[in-house]
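# Observations on the model geometry
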Amino acid sequence: MGDTASFARVVTERDVVPDLFPDADVLHGMPRVFATAYMVGLMEWACVEQIAPFFEQGEGSLGVHVDMSHVAPTPPGLTVTIESTVDAMDDRTIWFNVVLRDDHEVISTGRHQRAIVQWDRFQRRVDTKHLAEVPA
Ligand SMILES: CC(C)(COP(=O)(O)OP(=O)(O)OC[C@H]1O[C@@H](n2cnc3c(N)ncnc32)[C@H](O)[C@@H]1OP(=O)(O)O)[C@@H](O)C(=O)NCCC(=O)NCCS
C-alpha cells in the first residue's frame, strides 16, 4: 500500500473526441482534444502496468470502478503523465488514487478500483454470457 508509479504517453492525433467512434456523427464536429474515454483508458493502462509484476501466471485485473474529473483540455502532441498510488487493497480489489497532468497543468484527479481475477474463470463467464439468450 502507498506504492506510487508514474506513466507517460504522448497524446496522438487519433486520441481525440471526433475519432472516438467512426459511426458517431454527433461527435465528429467536436474539438480535436484528448477524449475523456481515452484518458480513462490511459489511466487504466498505467494502473495495470503498476501492478503487473505482482500477478501469477493466469491472473490479472479488471477495471470495475472509475471516478475521475476532466478539468482541462489537452491537444495532440502534449504528454500526459499519470501518477498512480495504491490507496487500499484486500484479497479481491485494489484502489488507486490518480493524478493526470499534461505539460501545462493538472487535467484530472480521481479514484479507480480494479478487481483481481483468474482469466480462466472470468472467460467462462464471458463465454456463457455470449452464448446465453439475450433477455427480451
Ligand atoms: C470483476 C467481477 C468479475 C467481479 O464480480 P463479482 O460480482 O464481485 O463476483 P461474484 O463473486 O458475484 O461472482 C460472479 C462471477 O464473476 C466471476 N468472478 C468472480 N470473481 C472472479 C475472479 N476472482 N476471477 C475470475 N472471475 C471471477 C465469475 O464468473 C463468477 O461466477 P462463478 O462464481 O460461477 O465462477 C465483475 O465485477 C465484472 O465482471 N466486472 C466487469 C469488469 C470488466 O469487464 N471490465 C472491463 C475490462 S477491464
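Residue numbering note: each chain is counted from 1, following its sequence as written. The predicted origin of the model limits local features to residues at a pLDDT of at least 70 and limits the giving and counting of side-chain atom pairs to 80 or more, whereas totals for whole chains, interfaces and linings rest on all residues. In computing side-chain values, all of the structure's heavy atoms are included and hydrogens and water are not.

### Quick look at the site of the ligand
Where we set the bar: One heavy atom suffices: a residue is near a molecule or strand as soon as one of its heavy atoms comes within 4 Å of it. Any N or O atom pair separated by 3.5 Å or less is treated as a polar contact, with the protein-specific requirement of one donor-capable and one acceptor-capable atom, and with residues adjacent in sequence counted only for side-chain atom pairs. Residue-level accessible areas treat just the shown protein chains as cover; the underlying method is Shrake-Rupley with a 1.4 Å probe. Going along the chain from the N terminus, every DSSP run of H or I of four or more residues is numbered as a helix, and every run of E of two or more is numbered as a strand. Nonpolar residues are Ala, Val, Leu, Ile, Met, Phe, Trp, Tyr, Cys and Pro. Charged residues are Asp, Glu, Lys and Arg, and all others, Gly as well, are polar.
Neighbouring residues of the ligand: Leu-62, Gly-63, Val-64, Arg-92, Ala-115, Ile-116, Val-117, Gln-118, Arg-121, Phe-122 and Arg-125. Note that a nitrogen atom of the ligand is positioned 3.2 Å from one of the backbone N or O atoms of Ile-116. The contact in question runs from an oxygen atom of the ligand to an N or O atom on the side chain of Arg-125, over 3.1 Å. Coverage of the ligand by the protein chains reaches 54% of its 920 Å² of free accessible surface. Mapped onto the shell around the ligand, the elements with two or more residues apiece are strand S2 (59-68), strand S5 (106-118) and helix H2 (119-131). Residues belonging to the shell around the ligand are distributed by class as follows: six nonpolar, two polar and three charged.

### Regarding the UniProt feature "domain: Fluoroacetyl-CoA-specific thioesterase-like" (unreviewed entry) in the chain
Let me state the cut-off plainly: UniProt positions are given in the numbering used here, feature names are shortened, and annotations may be inferred rather than shown by experiment.
In the numbering used here, UniProt assigns the feature "domain: Fluoroacetyl-CoA-specific thioesterase-like" (unreviewed entry) to residues 27-119. What you have in residues 27-119 is 18% helix and 46% strand, and the ends, taken at the C-alpha atoms, are 35 Å apart.

### Concerning the environment of Val-64
Put simply, the test is: Only protein chains enter the accessibility calculation, which uses a 1.4 Å probe; a residue whose area is less than 20% of its type maximum is buried, one above 50% is exposed, and one in between is partly exposed. Residue contacts are counted whenever heavy atoms from the two residues lie within 4.5 Å of one another.
Structurally, Val-64 can be placed in strand S2. Val-64 sits in the partly exposed class, given a relative accessible area of 47%. Sequence separation between Val-64 and Ala-115 is 51 residues, and the spatial gap between their C-alpha atoms is 6.4 Å. Those residues in contact with Val-64, other than ones at most four positions away along the chain, are Gln-113, Arg-114 and Ala-115.

### Focus: helix H1 (residues 36-51)
The criterion, for reference: Helix span, expected: 1.5 Å multiplied by one less than the number of residues in the helix. To be clear, the arc concerns the directions from the helix axis to the C-beta atoms.
Its 16 residues give H1 an end-to-end C-alpha distance of 23 Å, which sits within 8% of 22 Å, the value for a rise of 1.5 Å per residue. All of the buried residues along H1 are Met-39, Val-40, Leu-42, Met-43, Ala-46, Cys-47, Gln-50 and Ile-51. Along the long axis of H1, the arc covered by the buried residues comes to 165 degrees, so they all point the same way. Buried residues along H1 sit in contact with strand S1 (4-10), S2, strand S3 (79-89), strand S4 (93-101) and S5.

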